[in-house]
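Commentary on secondary and tertiary structure
The primary structure of each chain is shown beneath.
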Amino acid sequence: MVHYNMNLTLKVWRQKNAEAKGNFENYQVSEISSEMSFLEMFDVLNERLINEGKEPIAFDHDCREGICGMCSMHINGRAHGPWEGTTTCQLHMRAFKDGDTITVEPWRAGAFPVIKDLTVHRAAFDRIMEAGGFVSVNTGNAQDANNIPVAKDIADEAFAAAACIGCGACVAACKNSSAMLFVSAKVSQLALLPQGQPEKKSRVLNMLAQMDKEGFGSCTNTGACEAECPKEISLTNIARLNREFISAGFTYEK
Amino acid sequence: MKWSQFFNTSIGKKLLVGATGLFLCSFVIVHLVGNLQLLLNDNGEAFNTYADFMAHNELIQLVAWGLKVAVIIHFWVALQLTFSNRKARPVKYAVNPGNQTSSWFSRQMAIMGSILLVFLLIHLKDFWWAMHYGDLPKGNFGGKEMTDLYSTVYTAFTTQLWLVFLYVIGMIGLSFHLIHGFKSAFQTFGLNHVKYNGLINFLGVWVWGILIPIGFALIPVIIYLKH
Ligand code: HEM
Ligand code: SF4
Ligand code: FES
């Protein structure tokens, strides 16, 4: 890939705090390398803002290697930008060309309130996990690994669901701000495995009830979540969540 | 979870919309086959005999009332979901992805449904209400005295061009609603399986989404052109 530099116009959402109204600010950035990551480009801009005595742009990030799920940015109408299966930290500037205008917004969902600028509060996801995203573990000696037989394809499916990093891109991408892809991944990774069976029914009912309580929308099967998920979590998980919910709803005694 | 709670969750509500939606899908195919008899050149004998049978068979009348209940539940619950989904995003994006991440049809369900509702109200008033509670002309068909719904339909479509247009628009609404809705209902019930997805998609797009709405739309168009 040929290296090139570019000059860009950034239209970035600035919002002082959760209560403030917020608005877009324009910034010109020059000599941005095509090899930089999108976040490095923001680092360059922030350094300049600090040197100019201005407030830097607040954005979330931690691992910068696509595994923590913090780097939420809605870039030119796309969660985590134009590339498929990538987080913002893994998006490189070669996705853009010289002279581009890039609009950057925070995740938009009532359940993910803006803390400042591009950072949002995703604690709603934590509360959904607390409602049922766990398994019971007996005290005593640890079992041998591989003691419980699990078919290879089932183990693979559970693993694919467990790849969800809780980034919230599914919510951000969904026109209903629905968290169904996230909840379906978290329910699936446990429902598929023997270890997840004891809480199978209460888990799905409680997690879904919490999802509704947090104010996420419902699923209309548009598939935008799957298209934007950096971990390519499949819609088959939502179908499984629906099946789990139906069977628990019809048979759980409580 | 009590039933009342179950059907008040987001998935529970979706199940109501999906179940009533598929019930209506099963109805439209029967309705189309029956109505195509309007195009026979028999002065309405086949169609009127069929309509008379449908109006007087108790089991069919029970299902017919069930259909009206289904439309009301479908409409009412879908409306609630649509509003709570809008509320879930109080601040909108300045830039939206358009068709890059989802199909256009999947985002127009409430609008197409609203077109269908307007269509259904006028359709039911013109033919169903008139048949059961109106004062329609009678005739002798196959040796039996019965309501001449056939000529009522012909009069309606040959004297009111706007009604022909309304039916065509209504069927475009049905087409767009079912291109997404049919397969979406299966996903709502958790029926997503590589071995059947192709068939469900095909039926949803080509049979319910295209063939059936075209079949319905042709009826008023042909009647209008015949005269
Ligand atoms: C009374 C007028 C109607 C309104 C207001 C309406 C509205 C809606 C809405 C808002 C949805 C949910 C959208 C979504 O999941 O994205 C929906 C789904 C659906 N509708 Fe309708 N609709 C109407 C009539 C009909 C009719 C006449 C049929 C069938 C012939 C039908 C079949 C379906 C199906 C199969 C679904 C999919 C359910 C699912 O995803 O689980 N609808 N409708
Ligand atoms: S399902 Fe995908 S998009 Fe949603 S939170 Fe998990 S990793 Fe992020
Ligand atoms: S910063 Fe960790 S996933 Fe992007």
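In this text the structure is predicted, and so the values were computed from the model without any measurement.

**So, the site of ligand 2**
All names here are of chain A.
- Close contacts around ligand 2 come from 13 residues, with Cys164, Cys167, Gly168, Cys170 and Cys229 the closest.
- Elements with a minimum of two residues in the shell around ligand 2: α4 (169-173) and α5 (180-191).
- In terms of residue class, the shell around ligand 2 is built from eleven nonpolar, two polar and no charged.

**So, helix α9 (residues 194-226) of chain B**
- The end-to-end C-alpha distance of α9(B), which contains 33 residues, comes to 46 Å, matching closely the 48 Å that a straight helix rising 1.5 Å per residue would cover.
- The principal kink in α9(B), of about 30 degrees, is found at B:Leu203.

**A short note on unusual backbone geometry**
- Of note, the phi angle at A:Asp117 is positive, near 45 degrees, even though the residue is not glycine.
- With respect to the element layout, A:Asp117 can be found in the loop between β6 (114-116) and β7 (119-120).
- Of note in this structure, B:Asn43 is not a glycine but carries a positive phi near 60 degrees.
- Relative to the helices and strands, B:Asn43 is located in the loop between α2 (10-35) and α3 (45-56).

**As for the environment of B:Phe6**
- Relative to the assigned elements, B:Phe6 resides in helix α1 (residues 3-6).
- According to the relative accessible area criterion, B:Phe6 is buried, its value standing at 0%.
- Between the C-alpha atom of B:Phe6 and that of B:Trp128, which follows or precedes it by 122 residues, the distance is 35 Å.
- Setting aside anything within four residues of it in sequence, one finds B:Phe6 in contact with A:Phe245, A:Ile246, A:Gly249, A:Phe250, B:Met1, B:Gly12 and B:Leu15.

**Describing the interface of chain B and chain A**
- Residue-level contacts link 34 residues of chain B with 48 residues of chain A.
- Where chain B abuts chain A, roughly 3,300 Å² becomes buried across the two surfaces, and 58% of that area is made up of carbon and sulfur atoms.
- Of all residues in chain B, the largest losses of buried area upon contact with chain A belong to B:Met1, B:Ile11 and B:Tyr93, amounting jointly to 20% of the total for that side.
- On the surface where chain B and chain A come into contact, there are zero salt bridges.
- Counting every contact that joins chain B to chain A gives 23 residue pairs in polar contact (both at pLDDT 80 or more).
- Per-element tally for the side of chain B that touches chain A: the top contributor is α2(B), with five residues.

**Here's the deal with the site of ligand 1**
- Not every one of the 26 residues close to ligand 1 is listed here, only the nearest: B:Lys14, B:His74, B:His177, B:Ser184 and B:Thr188.
- Looking at the residues close to ligand 1, they fall on chains A and B.
- Between ligand 1 and B:Lys14 there is a distance of 2.9 Å, counted from an oxygen atom to a side-chain nitrogen or oxygen.
- Between a nitrogen atom of ligand 1 and a side-chain N or O atom of B:His177, the distance comes to 2.8 Å.
- Elements supplying a minimum of two residues to the shell around ligand 1: α2, α4 (58-87), α6 (109-133) and α8 (161-188) of chain B.
- Of the residues contributing to the shell around ligand 1, the split by class is 14 nonpolar, eleven polar and one charged.

**Quick look at the UniProt feature "transmembrane region" (unreviewed entry) in chain B**
Residues and elements named next belong to chain B.
- Residues annotated by UniProt as "transmembrane region" (unreviewed entry) correspond here to residues 15-39, 59-83, 104-124, 161-179 and 199-225.
- The distance from the first to the last C-alpha atom of residues 104-124 is 29 Å, and the span holds 95% helix and 0% strand.
- Within the segment residues 199-225, helix and strand shares are 100% and 0% respectively, and the terminal C-alpha atoms sit 36 Å apart.

What counts and how
- Residues numbered from 1 in each chain as written.
- Chains lettered and ligands numbered in written order.
- Predicted model: local features only at pLDDT ≥ 70, side-chain atom pairs only at ≥ 80, totals over all residues.
- Heavy atoms only, no water.
- Near = heavy atom within 4 Å.
- Helix = DSSP H or I, 4+ residues; strand = E, 2+ residues; numbered from the N terminus.
- Nonpolar A, V, L, I, M, F, W, Y, C, P; charged D, E, K, R; others polar.
- Expected span 1.5 Å × (residues − 1).
- Bend = angle between axes of the 7 residues up to and from the residue.
- Buried < 20%, exposed > 50% of the residue type's maximum accessible area, 1.4 Å probe, protein only.
- Contact = heavy atoms within 4.5 Å.
- Buried area = accessible area lost by both parts, 1.4 Å probe.
- Salt bridge = Lys/Arg side-chain N within 4 Å of Asp/Glu carboxyl O.
- Polar contact = N/O pair within 3.5 Å; in protein donor to acceptor, adjacent residues only side chain to side chain.
- UniProt positions renumbered as here; feature names shortened; annotations may be inferred.

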